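Chain by chain, the residues run as shown.
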Amino acid sequence: MYKTLITATDLKALLEGASRDRVVVFDCRHRLGDPGYGDRAFVESHIPGARRAHLDNDLSAPIVPGKTGRHPLPSAVQFVDFLRSAGVSQSTQVVAYDDMSGAIAARCWWMCRWVGLDTVAVLDGGFPAWTIADYPIELAAPNSTRPPGDFEANIRRD
């Protein structure tokens with residue numbers, strides 16, 4: 001299992017291998033000045049089977065004026081519910097990617113680690129590494145649905 005970084009070649013092998021049903025890929029593309037960018041980019045192309053992880057909607061709680069910053073953390077319960085809805089279980093390998101510096105994918109990675117999911121990695125080089133390797137892409141939303149996962153949180157307090 002991958003716990004920090006994964007190469008595009010290794011991710012492709014996972015997605016084509018026997019354990020592909022235990023892999024959940026999150027597309028975390030985002031632009032701070034254009035919050036709709038990631039959704040548009042996802043519809044245009046994404047790694048096959050990837051799910052969206054929107055910074056504002058999935059990786060952040062609502063802003064409370066005067067109390068929070070721009071992207072406050074959601075509660076652990078809210079984030080675990082998001083992971084479960086994407087099909088994440090105890091044995092799932094999660095991979096997060098974006099198309100810039102990796103900052104949003106790294107946030108998803110950190111949040112997964114925060115709630116006790118150790119088998120999470122960031123795609124080294126992000127979506128550009130996948131496309132430069134000329135690996136397959138998918139258009140529009142995935143047409144396959146996954147059953148909800150049963151991931152149980154083990155919140156890290158340190």
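To start, this report covers the structure provided alongside it. (Residues numbered from 1 in each chain as written. Predicted model: local features only at pLDDT ≥ 70, side-chain atom pairs only at ≥ 80, totals over all residues. Heavy atoms only, no water.)

1. Considerations on the overall build of the protein
Thought 1: Looking only at helices and strands, the protein features five helices and five strands.
Thought 2: Shown N-terminal to C-terminal, the secondary structure of the protein runs as helices and strands in the order β-α-β-α-β-α-β-α-β-α.
Thought 3: For the protein, the spread of C-alpha atoms along the three principal axes comes to 45 × 35 × 30 Å.
Thought 4: Taking all 158 residues of the protein together, the buried fraction comes to 44%.
Thought 5: Long-range pairs, those at least 24 residues apart, make up 76% of the contacts in the protein with a sequence separation of at least 6.
Thought 6: By element, 54% of the accessible surface of the protein is carried by carbon and sulfur atoms, the whole surface being about 8200 Å².
Thought 7: For the protein, the separation between the mean place of its 17 positive charges and that of its 19 negative charges on side chains is 4 Å. (Helix = DSSP H or I, 4+ residues; strand = E, 2+ residues; numbered from the N terminus. Buried < 20%, exposed > 50% of the residue type's maximum accessible area, 1.4 Å probe, protein only. Contact = heavy atoms within 4.5 Å. Areas by Shrake-Rupley, 256 points an atom, 1.4 Å probe, with all protein chains shown as cover. Lys, Arg positive; Asp, Glu negative; His and termini not counted. Charge placed at Lys NZ, Arg CZ, Asp CG, Glu CD.)

2. Some remarks on the pattern of salt bridges
Thought 1: Here the structure, examined in full by the defined rule, presents ten salt bridges.
Thought 2: Ionic pairing is found between lysine 12 and glutamate 16, a salt bridge with its closest N-O pair at 2.9 Å. Separated by four residues within a single helix, lysine 12 and glutamate 16 lie in helix α1 (residues 8-16), roughly one turn from each other.
Thought 3: The residue arginine 84 makes a salt bridge to glutamate 152 at a minimum N-O spacing of 3.5 Å. Linking arginine 84 in helix α3 (residues 76-85) with glutamate 152 in the segment after α5 (126-132), this pair joins segments that are 68 residues apart in sequence. (Salt bridge = Lys/Arg side-chain N within 4 Å of Asp/Glu carboxyl O.)

3. Comments concerning the pairing of strand β5 (residues 120-123)
Thought 1: The pairing of strand β1 (residues 5-6) with β5 spans two bridges and is classified as parallel. The partner of isoleucine 6 across the bridge, within β5, is leucine 123.
Thought 2: Pairing analysis gives three bridges linking strand β4 (residues 93-97) to β5, with the strands arranged parallel. Residue pairing for β5: alanine 96 is matched across the bridge by valine 122. (Pairing = 2+ DSSP bridges.)

4. Looking at the sheet that holds β1
Thought 1: Strand order in the open sheet made by the five strands is β1-β5-β4-β2-β3, with parallel pairing throughout. Two strands close off the open sheet at either side, each with one partner strand: β1 and β3 (51-52).
Thought 2: Sheet strands in contact with α1 are β1, β2 (23-27), β4 and β5, and its direction is about 130° off that of β2. (Axes fitted to C-alpha atoms, helices over the stretch in contact; angles between N-to-C directions.)

5. As for the nonpolar core
Among soluble globular proteins, nonpolar side chains are generally buried collectively.
Thought 1: Ranked by internal contacts, the top residues of the largest apolar core, which has 26 residues, are Phe26, Leu59 and Leu83.
Thought 2: Here the element with the most residues in this core is helix α4 (residues 103-114); it accounts for six residues.
Thought 3: Those residues within four positions of leucine 83 in sequence are excluded, and the remaining contacts are Phe26, Val88, Cys112, Val115 and Phe151.
Thought 4: Ranked by size, the runner-up nonpolar core spans 16 residues in total, among them Val23, Val95, Trp130 and Tyr135. (Core = buried A, V, L, I, M, F, W, Y, C linked by side-chain atoms within 4.5 Å.)

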